[in-house]
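This is what each chain is made of:
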Amino acid sequence: MPAANTDRASTDYFPRLAAERLDIALCRASTAVARAADARAGALGIGVGQHLVLKMLAEVGPCSQRVLSDELRIDRTVMVGICDGLEQAGHVRRERNVADRRAYAVTITDSGRRLLAQAEDAVPEFLDGTFQALSPTEREQLSGILGKLLRPRSETTSQ
């Protein structure tokens with residue numbers, strides 16, 4: 001009886017599975033990109049969550065942790081740790097929100113802006129390396145498709 005080719009079976013199955021199950025392919029791709037982003041962020045000394053928080057604060061201004069958590073889709077308990085770390089490092093400050101004294105407004109500092117600039121400088125190279133298998137047109141298409149998937153349901157059903 002001939003021996004089974006166990007190496008071939010293990011290299012052919014996942015591409016077929018991914019072609020049949022878009023959800024699985026997307027989860028695996030997301031995991032691979034997240035691991036690459038974490039490794040890159042670690043080399044820069046800034047976590048992915050920290051990068052996202054600094055980027056949002058720089059673009060939209062002071063926000064509550066709840067708004068940051070909701071907009072960036074980061075669990076609220078995780079967001080507390082992210083903001084704690086950024087505050088301890090001097091990259092953000094938390095002050096009472098004048099509109100709601102129960103909440104704190106998180107504000108980026110000059111140190112946070114410098115760290116964000118360093119992290120943003122590394123993004124194009126990271127994206128080029130991570131998505132090298134895609135042409136520029138395919139990257140643009142993927143971005144548009146993912147944008148549709150990430151919109152709130154109410155926006156996608158009204159279109």
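As shown above, the structure is provided for reference.
Each chain carries its own residue numbering, running from 1 in the written order of its sequence. A pLDDT threshold of at least 70 governs which residues receive local features in this predicted model, and a stricter bar of 80 or more applies before side-chain atom pairs are shown or counted, although totals over entire chains, interfaces and linings include all residues. By convention in this description, side-chain values take in all heavy atoms of the structure and omit both hydrogens and water.

## Some remarks on the pattern of salt bridges
A carboxyl oxygen of Asp or Glu within 4 Å of a side-chain nitrogen of Lys or Arg is what we treat as a salt bridge. All chains considered together, the criterion is met by 10 salt bridges. Of the charged contacts, one joins Asp-70 and Arg-76 as a salt bridge, the two residues approaching to 3.1 Å between their closest N and O atoms. Three labels apply to residues, based on accessible area from a 1.4 Å probe with only protein chains included: buried if under 20% of the type maximum, exposed if over 50%, partly exposed otherwise in between. A relative accessible area of 47% means that Arg-76 is categorised as partly exposed. One salt-bridge network, in which partners are shared between bridges, spans Lys-55, Glu-59 and Glu-120.

## A short note on the nonpolar core
In terms of nonpolar packing, the biggest core is built from 18 residues, with Val-53, Leu-54, Leu-57, Leu-68 and Met-79 touching the most fellow members. For this core, the secondary-structure elements that each account for two or more residues are helix H3 (48-60), helix H5 (76-88), strand E3 (104-108) and helix H6 (110-130). Contacts were defined at the residue level, with two residues in contact if any of their heavy atoms lie within 4.5 Å. Once residues within four sequence positions are removed from consideration, Leu-57 is found in contact with Pro-62, Cys-63, Leu-68, Val-92, Val-106, Thr-107 and Ile-108. By nonpolar core is meant a set of buried Ala, Val, Leu, Ile, Met, Phe, Trp, Tyr and Cys residues that side-chain atoms within 4.5 Å join together. Counting from the N terminus, the helices are the DSSP runs of H or I reaching at least four residues and the strands are the DSSP runs of E reaching at least two.

## Here we look at the pairing of E3
With respect to burial, E3 is a largely interior element, 4 of its 5 residues being buried. Across 2 bridges, the pairing between strand E1 (residues 63-64) and E3 is antiparallel. Along E3, the bridge assignment pairs Cys-63 with Val-106. Summarising the sheet, strand E2 (residues 92-96) and E3 pair through 5 bridges and their orientation is antiparallel. Looking across to E3, one finds that Arg-93 is bridged to Thr-107. When DSSP finds two or more bridges between two strands, those strands count as paired.

In short, shape yes, function no, at least from these values alone.
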